[in-house]
Amino acid sequence: MNPAQPTPHHVAIVMDGNGRWATRRFLPRVAGHKAGVDTLRRCVRSCAQRGVAVLTVFAFSSENWTRPQDEVSGLMELLGMALAREVPQLLKDGVRLRFVGERAGLSDSVRQGLERGEQATAANTGLQLNVCFNYGGRWDIAQAARRLVAEGKPITEANLDRALALSHVPDPDLVIRTGGEQRISNFLLWQAAYSELYFSDTLWPDFDDAALDLAFAAFAQRERRFGKTSAQVAGKAARPQPA
Ligand code: IPE
Ligand code: IPE
Ligand code: MG
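Residues numbered from 1 in each chain as written. Chains lettered and ligands numbered in written order. Predicted model: local features only at pLDDT ≥ 70, side-chain atom pairs only at ≥ 80, totals over all residues. Heavy atoms only, no water.

K.L.:
Which residues make up the pattern of salt bridges, and what are the values?
P.N.:
Evaluated as defined, the whole model comprises 20 salt bridges. Here aspartate 93 and arginine 45 are joined by a salt bridge, their closest N and O atoms 3.1 Å apart. Of this pair, aspartate 93 sits in helix α3 (residues 69–93) while arginine 45 sits in helix α2 (residues 29–49), and the two are 48 residues apart along the sequence. Judged by its relative accessible area of 43%, arginine 45 falls in the partly exposed class. Salt bridges here are not isolated pairs; linked through shared partners, they connect Asp16, Arg20, Arg177, Glu181 and Arg183. (Salt bridge = Lys/Arg side-chain N within 4 Å of Asp/Glu carboxyl O. Helix = DSSP H or I, 4+ residues; strand = E, 2+ residues; numbered from the N terminus. Buried < 20%, exposed > 50% of the residue type's maximum accessible area, 1.4 Å probe, protein only.)

K.L.:
Before we move on, could you go through the site of ligand 1 and cite the residues and values that matter?
P.N.:
With respect to spatial proximity, 13 residues lie near ligand 1, and among them Asp16, Gly19, Arg20, Arg29 and Arg67 are the closest. Glycine 19 places a main-chain nitrogen or oxygen 2.9 Å from an oxygen atom of ligand 1. In the model, an oxygen atom of ligand 1 is placed 2.9 Å from a nitrogen or oxygen of the arginine 29 side chain. Contact with the protein chains removes 87% of the 380 Å² of surface that ligand 1 exposes when unbound. Only α1 (18–24), α2 and α3 provide two or more residues apiece to the shell around ligand 1. Sort the elements by how many residues they give to the shell around ligand 1 and α1 lands first, with 3 residues. (Near = heavy atom within 4 Å. Polar contact = N/O pair within 3.5 Å; in protein donor to acceptor, adjacent residues only side chain to side chain. Areas by Shrake-Rupley, 256 points an atom, 1.4 Å probe, with all protein chains shown as cover.)

Read these as geometric descriptors, not functional statements.
Put into structure tokens, the structure is as follows:
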């Protein structure tokens, strides 16, 4: 491994492939989403053990509302159940949970469940877990711009950066997408400007520690140049600050 590129500080994951995982087993798609929650629980622990400080996962996109009604309601129900079951353990493990996305579009019970999870873990100082739910990169940029306009602030990169939904964490170092597709699907459009991208054919429910370690090993081999030349960055990675 290249010691110049340590474990990523912030890892973001498009958890894709739950539906295909279930279909291959002749199960309803929601069974794949349930298995995906189990994978996420393990992944949170594994990331914390490996020294990752921030984990951001894509759980439900702005566009996922267009799925069949029974899948959408199954996902909403699963979120509520997962929160009730997982938050006590997250609390013990020191994980700080945050939701990133458009809350106005969610039902009262889903929104209250999310906010209870955030409040319960607010004092935790371990791994920061951002769950992107009813999230889209375009929504985020538009809401940030609207906020700046309302506050009478100029639209600069630094102001936009501060108004975005993930302003509490640095940009992701590594973006992983499981499930074999090589696209961004409206995830972190702004924040992934200089992230290393890693695509895995493994379907999310099967994404185990060995698969995570493969992603980290690939990351360790990358040279992050941030627009500079290889000679300039030799020896240390440069991270530009927003203007
Ligand atoms: C990702 O898995 C989870 C969500 C989008 C909610 P998918 O449900 O997209 O699984 P595939 O891509 O159909 O296999
Ligand atoms: C991206 O996966 C969204 C999540 C994983 C939550 P999709 O399955 O919705 O993406 P597309 O439709 O294949 O691009
Ligand atoms: Mg998918």
